[in-house]
Amino acid sequence: MTSTVNPSEHVPRSNRQELLTGARDTIPLIVGAIPFGIIFGTLAVTNGLSPWTAMAMSVFVFAGSSQFIAVGLVAMGSSPAIIVLTTFVVNLRHLLYAASLVPYVSHLPQRWRALLSFGLTDESYAVVASRYLNEPPRGNNHWFFLGSTLAMWGNWQLCTLIGITLGTLIPDMSSWGLDFAMSVTFIGLVVPYVRNWPMLAAVITAGTIAWGAQPLPHNLGLILAAICGVTAGVLCERLNKQPEVTQ
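So, a few notes on the structure that sits alongside this text.

Conventions adopted
- Residues numbered from 1 in each chain as written.
- Predicted model: local features only at pLDDT ≥ 70, side-chain atom pairs only at ≥ 80, totals over all residues.
- Heavy atoms only, no water.
- Helix = DSSP H or I, 4+ residues; strand = E, 2+ residues; numbered from the N terminus.
- Buried < 20%, exposed > 50% of the residue type's maximum accessible area, 1.4 Å probe, protein only.
- Contact = heavy atoms within 4.5 Å.
- Areas by Shrake-Rupley, 256 points an atom, 1.4 Å probe, with all protein chains shown as cover.
- Axes fitted to C-alpha atoms, helices over the stretch in contact; angles between N-to-C directions.
- Parallel < 35°, antiparallel > 145°, perpendicular 65-115°, else oblique.
- Left-handed = near helix turned anticlockwise from the far one by under 90°.
- Nonpolar A, V, L, I, M, F, W, Y, C, P; charged D, E, K, R; others polar.
- Salt bridge = Lys/Arg side-chain N within 4 Å of Asp/Glu carboxyl O.
- Core = buried A, V, L, I, M, F, W, Y, C linked by side-chain atoms within 4.5 Å.
- Polar contact = N/O pair within 3.5 Å; in protein donor to acceptor, adjacent residues only side chain to side chain.
- Phe/Tyr/Trp six-rings, centres within 6.5 Å; stacked < 30°, edge-to-face > 60°.

Before going further, it helps to spend a moment on the overall build of the protein. The helix and strand inventory of the protein stands at 12 helices and zero strands. Put simply, the protein runs from its N terminus to its C terminus through helices and strands in the order α-α-α-α-α-α-α-α-α-α-α-α. Burial analysis of the protein (247 residues in total) assigns 35% to the buried set. Taking the intrachain contacts of the protein between residues at least 6 apart in sequence as the baseline, contacts between residues at least 24 apart amount to 77%. Per element, the accessible surface of the protein, about 14,700 Å² overall, is 70% carbon and sulfur.

This is the structure:
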């Protein structure tokens, strides 16, 4: 019996083709990110950021969840140190993303790795990891990676600009209760990761501490909640891995 192989799997593609393919494969995730970008731009200007500052944050930070958190902390009058530390903790998950991709990009020049690391998001990681794991290796896979990140980056800038424009043209949008969108956004980001007991313990612990520690100054309760949530998750993970004692 002879096996049928799809010829396209082994046909070389040009760098341009890989770039466009990466962008195309990211479109479904781009569609899902559109409302978040618009909401961020709107909330940024209605919570005290200038249009230029809000746009610069999207251009140079390019981290949706961290940007939402930063805007919320700015609106609450948090200190710069708290904002930086909180967003740093939120983005620690990208270390795991990057570590899993090291075997596929370690051969690239430093300039390529720096560029791709800047554009690494949840959405691009999902698309790129699927390519590396499920398709035959290609010498120019990094162009696929770049196409995905450029598509996400461009979409985020456009949606932020639309949101800023809406927030500027309609100054009283802050009274519409759009800040609730941030809470809904974070719930949507967290829920898919609650797949086992350690993750559930981390979420419950962090949420409980954050609620109870609201009176602390400078929003220190957020940092305390993050630390306690991570600690609870790690402890539960270790308990699950302990070998059972046979009698």
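Once that is clear, we can look at the packing of helix H2 (residues 27–46) against helix H9 (residues 141–169). Closest axis-to-axis distance for the H2/H9 pair is 7 Å, and the angle between their directions is 40°. When the axis of H2 is compared with that of H9, the two are oblique. Two packed elements cross with a definite hand, and for H2 against H9 that hand is right-handed. Packed against H2, whose contacting residues are Ile30, Ala33, Ile34, Phe36, Gly37, Ile38, Phe40, Gly41, Thr42, Val45 and Thr46, the element H9 presents Ala151, Met152, Asn155, Trp156, Cys159, Thr160, Ile162, Gly163, Ile164, Leu166, Gly167 and Thr168 at the interface. Taken together, the residues of the contact of H2 with H9 break down into 14 nonpolar, nine polar and no charged.

Per the stated rule, a full pass over the model turns up two salt bridges. One salt bridge in this structure joins arginine 131 and glutamate 18, with 2.7 Å as the shortest N-O distance. Note that arginine 131 is positioned in helix H8 (residues 122–134) and glutamate 18 in helix H1 (residues 15–25), a separation of 113 residues in sequence. Note on arginine 131: relative accessible area 3%, which makes it buried. Arginine 24 serves as the salt-bridge partner of aspartate 25, at 3.1 Å between the closest nitrogen and oxygen. Overall, aspartate 25 belongs to the partly exposed group, its relative accessible area being 30%. When its relative accessible area of 51% is taken as the criterion, arginine 24 is described as exposed.

The next subject is the nonpolar core. Core analysis: the biggest nonpolar cluster contains 21 residues, and Phe40 and Ala44 have the highest contact counts within it. Those elements that place two or more of their residues in this core are H2, helix H3 (51–60), helix H4 (64–75) and H9. In terms of residues, this core owes the most to one element, H2, which gives six residues. Excluding residues that lie within four positions of it along the chain, phenylalanine 40 makes contacts with Ala54, Met57, Ser58, Gln67, Phe68, Val71, Trp156 and Thr160.

Residue class for glutamate 18 comes out buried when judged on its relative accessible area of 0%. There is a polar contact of 2.7 Å between the side chain of glutamate 18 and the side chain of arginine 131. Other than its neighbours up to four places away in sequence, glutamate 18 contacts Arg13, Arg131, Arg138, Asn140, Asn141, Trp143 and Phe144.

This part takes up the side chain of threonine 87. Locating threonine 87 in the fold gives a position in helix H5 (residues 80–90). Among the polar contacts listed, one links the side chain of threonine 87 to the backbone oxygen of valine 84, at a separation of 3.0 Å.

This part covers the packing of aromatic side chains. Any aromatic ring pair is given by two values, namely how distant the centres are and how the planes are angled relative to each other. Summed over the entire model, instances satisfying the criterion amount to six aromatic pairs. With 4.4 Å between their ring centres and 15° between their planes, tyrosine 97 and tyrosine 125 make a pair best called stacked. Of this pair, tyrosine 97 sits in helix H6 (residues 93–105) while tyrosine 125 sits in helix H8; the two residues are 28 residues apart in sequence, bridging distant segments of the chain. Here tyrosine 97 falls in the buried class, since its relative accessible area comes to 11%. Consider the rings of tryptophan 112 and tryptophan 143, whose centres lie 5.1 Å apart with planes at 70°: the pair is edge-to-face. Linking tryptophan 112 in helix H7 (residues 110–118) with tryptophan 143 in helix H9, this pair joins segments that are 31 residues apart in sequence. Judged by relative accessible area, tryptophan 143 falls into the partly exposed class, the value being 24%. Among the aromatic residues, those joined into a cluster by ring pairs are Phe40, Phe68 and Trp156.

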